Structures are given as structure tokens and as C-alpha cells.
Amino acid sequence: MKQTDASTVTAKLVSKDQNSSQMTTRASLPLSVQNPETAAAKSRHKTQRLWEEQRGQHYPERDKMRSLRFISAEALVSHPRVAQESLDQIAYNLYPLLFKASYLLEQAEVTRAVLSHWPLEEFRLTVLLGPNTDHPEDLRDRACEACLEACMQGLADHVLQSRSDRLRVADFTGIQDVQVQQCPCGRALGRWGRTKVLARICCQLQGQPCTARHPIEVFADLFVTEGNFDIVVQALKPAGPAPLQVCCPSLRADSLSPRQLLQVLGLAGPSKLRKLEVVHNVRLHAGHVQQLLAQVGLPQLTSLTLPTKAFDAPPTCTPTPEGEDPLLTSIAWELSQMNKLTELSVAFSTLTGKIRTLLSNSAIEEGQELSCQAMIKLSPLKTPLRVLDLANCALNHEDMSFLADCKHTAHLEVLDLSGHNLVHLYPSTFFRLLSQAAHTLRVLTLEECNITDNHVGMMILGLSPCNQLQEFKFLGNPLSASALRRLFAALCELPRLRHIEFPVPKDCYPEGTTYPQDELSLSKFDQQKYDMIAEDLRAVLLQANREDIQASTPLYGSFDPDIHETSNELGTFLMQAFKTALENFSRALEQME
């Protein structure tokens, strides 16, 4: 490869004019280190020497993607001590470049130093790690533990050292948590861990003197459980002025009591909250949900997930003589006030005959007084839903008929109807629903829907118009190898399809296996036979020139980074709940005796 003289690797540098705050442009040296004609020139010469040393170490495939500026930045951050000594001479507009290079190479000490010296008004992590002209690779799926902790420690250093009063926003949202980390260390800092680290730093700074004229707004996707609840509350509710002001556009809550959930929601800034996930071990019933929505107020919410049995009646609730459900009516009314709600997940809640109440688009005029029964008929969810999860909600024919014809269906991009015997009990309404959603549907999940070999022909006809479909998941259905081959051949015709999750063929299980399967029977299949069938299905994809489709069988469901990260705490929580249940049962027996 032809050697390039280091003096030709230039970039525009930005410095402050000594007589004004206006930004001016200077010529630059390699790595864009300024020449201030001071003692700092020594650092510049070290930097240039490092660049000269590394010029010959070329990686042709990577060089096609990276600019010379980025190659220079990598050369600098590869020598942490020199990089840290050079930061005061680096032009402001090159800090983003140095940050991404240090993150890519996992030079955590440089990452921390860059943040402590950050000279710009905003630090937005996903923008900095995303593709750009200097380095097109996307690093937003690298939740590197060392680098993310270094980012937050660097922010603390920035506050304590008072180097600049320019930084106003630090945005740590948008990191994608994946199963396999591509960073050199391979260790991830998940959403729960990021929440705890940030909360700890906020609490540490609350007791420190700070000369900044304004607090820095720190945006973060928070994940709160019993394990980090106290420190998160302290971070969100400082006793006095705090240099960091936590802003929460997204909140996930697990293993909390209803009282704790309400407390953390009230502190997290519900007026700005856009996504709320209340999952698994937060034990809510319809009374709690109604109280949460009525008291907190979530006007900007776009996405809402509620836990199992969230629509069950409270123990003290008695049905009205007319058969009305005042709590459901009130919940539907509160949902109507969320004018931006487009994603709703209420899986594993019993909603038999109640879907119309929650999802109808019928308008209610402002100030119009309606009876409870009238409000049920005119259930007021106003915004079309793009994401709808109704898995295992015990839907009936009335619910399916409504879904097939409602206004939401033509806007749906993600739909989960797992756990319903759709093709057998409601074939016409289900396929009418697919037809209505065909132009927008991207992800369809039909797990444990009792789809058999006899239904494959209808499934092929129903899916054929879904040209936007990218993911199709149908685990847990009793399908044979021959039926799967037919279905795969038809799925190859969907131009945007990229991901299939298919069940272990029933041929691989012992004769007489019943569906749906429990976890024990699910794992007792002929692995060798499965491997042969899976290879045959891959051949179907290859013959159709669809190497771009990934097909897999995750026996126990897709990887969930949040559950994976907090599995130990969830296990402890469940054991404690089981112990409490046994104690209550024992006490009840004693009282009976």
C-alpha cells in the first residue's frame, strides 16, 4: 500500500479566538492537534511520532471503511498516556471522533478523559457511536461494561473539575443490549447495571461542592428493581441542589411493590415519560392500574407494558348487577388521555370480551356526560396502535371480530396473538385480520396457537399478502417436518422476511406428545433428527436464494437481556414469594384446626 505522508492527513480545527467567543478555523497537524507554540508542542510531536510508527500497520478491509482522520484517532488513543496529555490541544470538533475511537478500542481511561474534558454543549451516546462518514460501523449494540462505566465516571470528573460550563445535556439512552457482545472484553453493562452506576454517581456528587452555573440534564433508560430501588430514589430526589439532573424517557420496573412503583414513577418525571414497562414480579390488579394511570398522568407516553393479570379484579371488588366493569371503563378512559400511545402490551391478562372497550376508536365529545355502559360502548382509545401484544389473553370470537375490523389493524406493525387457537376456532376472522394488516405488519408472533399440518395451506394463503413481514415466530405449534418444508417454501416468497423462529418438528418427539408442552417435555426430543430436519429447512432457503433469512429454534424463547441481567434477583424474589405463600397456607391451616 502506498505510504501517505503524515502532513497530508489534515483536518479543520476549531479554537476560540482570544478576543471573542466566536469560533475560528486553523490548519492542523495529524490527529488534528493544534500548534499553540507552548510547552504543549511536546505532546504534539509525540502524537506525530506515534502516527508515523503506525502508518505501516494497515488493515486493508478496515481502511476501506475508515477515514484517515479516524485511523489517526485510533493511533492516538492506542497510546492512552499520550492521548490524555494531548486533550487540551485537540480541536473541539474532533472530540466525537476521539470518543468513538476510544470506545471501539476499549481504551476506557481515554474514554473517561475525553468525557472529563468534553467541550461541547451536548454529549449524545447513540449519535457518537452510530455510523458516520469517518467510521461507518455502528457501535450502538456494544454495551461494553468498561467503556460505559468510564463514560459515567468521566461525566463525574467533568463536574468536579469544572473544566467547562458548556455541557448541558448528557444522553445515555438508546444502547442496544444484545446476547453476544462484540467489544474486546465481552462483558456487558445492561440497563439495570447502567441505572445503578448512574444513580451511584449522582448520589456521590450530591454531597460535593459544585461551581457549575446550571445542572447537566442526564437522559437515561432506567431499570428499577428492589435491588437498586433505594439508590435510584435518592438519585431522583436529591436533598438539595445537584449538578446532575436525571431525566427518564424510558422506565422498566420489576420486583417492586405497587407502592414502590408509584413512588419511583412520581420521581421519574411522568410528564416526560415516553415508555413504561411494568413486568413480571410487579403484582398489579385492575385497581392498581387504574390508580397508577389516574394519579400519575402520562401525557407523552407512547409505549405501555403491563404485567401478568394486570386486569384482574381486586379481591374486594364485586361485580355490578348490570355486569359492568367500572375499573375497566376507568382504565380505558385514562388511556384515552394518552394522545401519543401507539404501543400496548397486556400479555397474560384475562381480557375475554373486553378488547373493544380498550381499543375502540369511537370518539367521545369533550364535556359529554355518558353512563358507564355508554362509555364501554364508546371506549375512547384515540391513537392507532402500531404494536399490540395480546398473548394468552383468552380472547373470544367477539374480540377477534373486533380486531379484524378495527381501525388499529391497518396500522399494526408488531402483533402477538400467541396462546390462542386462532386457525381452528376463528379462521375467517383471523385471516381477515391478516389481510387488513398486510401492508404494515413487520413482526408476527403466533406461538402455541395449535397450528397443525392441516392448517398450513390456510396459513400460506393468509401470509402471502404480508410483503412487509420481517419476522415470523411460531414456536410451540405441532407441525411435522413436511409441513415446515411447505411453509418455509412459501415464506421464501416474502421479500422482506429476515428472521424465522420455528418449532421443533413433532416428528422429533415421542408418539403421543401433547401440546402445549411443559418445559420438561419440551426438551425431550431427538436432537439428531432435529439437526437433519433443520439442515433440510436451510436447504429450502438456499434453493430459493434466501440466504438472508435466519431460522432458529430458541426452545425457551428469544434472549431477553433484562431478564438475563437480573435473573439472580428474580430468583430470590420468587423464592421469597413462595416462602411467604407457604407461611400463609400454614397459618390458614392452623386457624382451621
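For the protein, an unreviewed UniProt entry supplies the name Leucine-rich repeat-containing protein 14B and the organism Myodes glareolus.

Novice: Account for the packing of helix α16 (residues 397-405) against helix α18 (residues 427-437), naming residues and giving values.
Specialist: Their axes nearest at 8 Å, the elements α16 and α18 cross at an angle of 25°. On the basis of the axis angle, α16 is roughly parallel to α18. Here α16 runs over α18; the crossing is left-handed. Mapping the contact onto sequence places His397, Met400, Ser401, Leu403, Ala404 and Asp405 in α16 and Thr429, Phe430, Arg432, Leu433 and Gln436 in α18.

Novice: Lay out the pairing of strand β6 (residues 244-253) with the relevant residues and their values.
Specialist: Counted residue by residue, β6 has nine buried out of 10 residues, so it is predominantly covered. In the sheet, strand β5 (residues 216-224) pairs with β6 via eight bridges, with the strands oriented parallel. Counterpart to Val218 in the pairing with β6 is Val246. Where β6 meets strand β7 (residues 275-278), four bridges bridge the pair, whose relative direction is parallel. Bridge assignment links Ala253 to a residue of β7, and that residue is Val278.

Novice: Report on the pairing of β7, specifying residues and quantitative values.
Specialist: Between β6 and its parallel partner β7, the chain crosses via helix α11 (residues 258-267), and the hand of that crossover is right-handed. Note that β7 and strand β8 (residues 303-305) share three bridges and pair parallel. Bridging from a neighbouring strand, Leu276 pairs with Leu304 of β8. In terms of handedness, the path from β7 via helix α12 (residues 286-296) over to β8 forms a crossover that is right-handed.

Novice: Residue-level account of unusual backbone geometry, with values.
Specialist: With an omega dihedral of -5°, the bond running from Tyr515 to Pro516 counts as a cis peptide bond. Along the chain, Pro516 falls in the loop between β14 (499-501) and α21 (519-522). Located in the positive-phi region is Asn450, a residue other than glycine, with phi close to 55°. Mapped onto the secondary structure, Asn450 falls in the loop between β12 (443-445) and α19 (456-463).

Novice: Let's hear about the side chain of Asp254: which residues, and what values?
Specialist: Within the secondary structure layout, Asp254 lies in the loop between β6 and α11. No salt bridge is formed by the buried Asp254. Its closest oppositely charged neighbour is Arg252, at 5.0 Å. A polar side-chain atom of Asp254 sits 3.0 Å from the main-chain amide nitrogen of Asn281.

Novice: Help me get a handle on the packing of aromatic side chains, residues and values and all.
Specialist: Taken as a whole and judged by the stated rule, the model has 11 aromatic pairs. Measuring from centroid to centroid gives 5.1 Å for Phe430 and Phe431, while their planes differ by 55°, and the two rings are tilted. Side by side, Phe430 and Phe431 carry an identical accessibility label, which is buried. Look at Phe488 and Phe502: their rings are 5.5 Å apart centre to centre, the planes differ by 90°, and that puts the pair in the edge-to-face class. Residue Phe488 is found in helix α20 (residues 481-491), and its partner Phe502 is found in the loop between β14 and α21; the two are separated by 14 residues along the sequence. Across this residue pair, the class does not change: Phe488 and Phe502 are buried. Taken together, the ring pairs connect Tyr95, Phe99, Tyr103, Trp118, Phe123 and Phe172 into an aromatic cluster. Its guanidinium or amino end placed over the ring of Phe223, Arg191 lies 5.9 Å from that ring's centre, counting from NZ or CZ. Sitting above the plane of the Phe223 ring, Arg252 keeps its charged end 5.2 Å from the centroid.

So, how was this worked out
- Residues numbered from 1 in each chain as written.
- Predicted model: local features only at pLDDT ≥ 70, side-chain atom pairs only at ≥ 80, totals over all residues.
- Heavy atoms only, no water.
- Axes fitted to C-alpha atoms, helices over the stretch in contact; angles between N-to-C directions.
- Helix = DSSP H or I, 4+ residues; strand = E, 2+ residues; numbered from the N terminus.
- Parallel < 35°, antiparallel > 145°, perpendicular 65-115°, else oblique.
- Left-handed = near helix turned anticlockwise from the far one by under 90°.
- Contact = heavy atoms within 4.5 Å.
- Buried < 20%, exposed > 50% of the residue type's maximum accessible area, 1.4 Å probe, protein only.
- Pairing = 2+ DSSP bridges.
- Right-handed = clockwise from strand over helix to strand, strands pointing away.
- Lys, Arg positive; Asp, Glu negative; His and termini not counted.
- Salt bridge = Lys/Arg side-chain N within 4 Å of Asp/Glu carboxyl O.
- Polar contact = N/O pair within 3.5 Å; in protein donor to acceptor, adjacent residues only side chain to side chain.
- Phe/Tyr/Trp six-rings, centres within 6.5 Å; stacked < 30°, edge-to-face > 60°.
- Lys NZ or Arg CZ within 6 Å of the ring centre and 35° of its normal.

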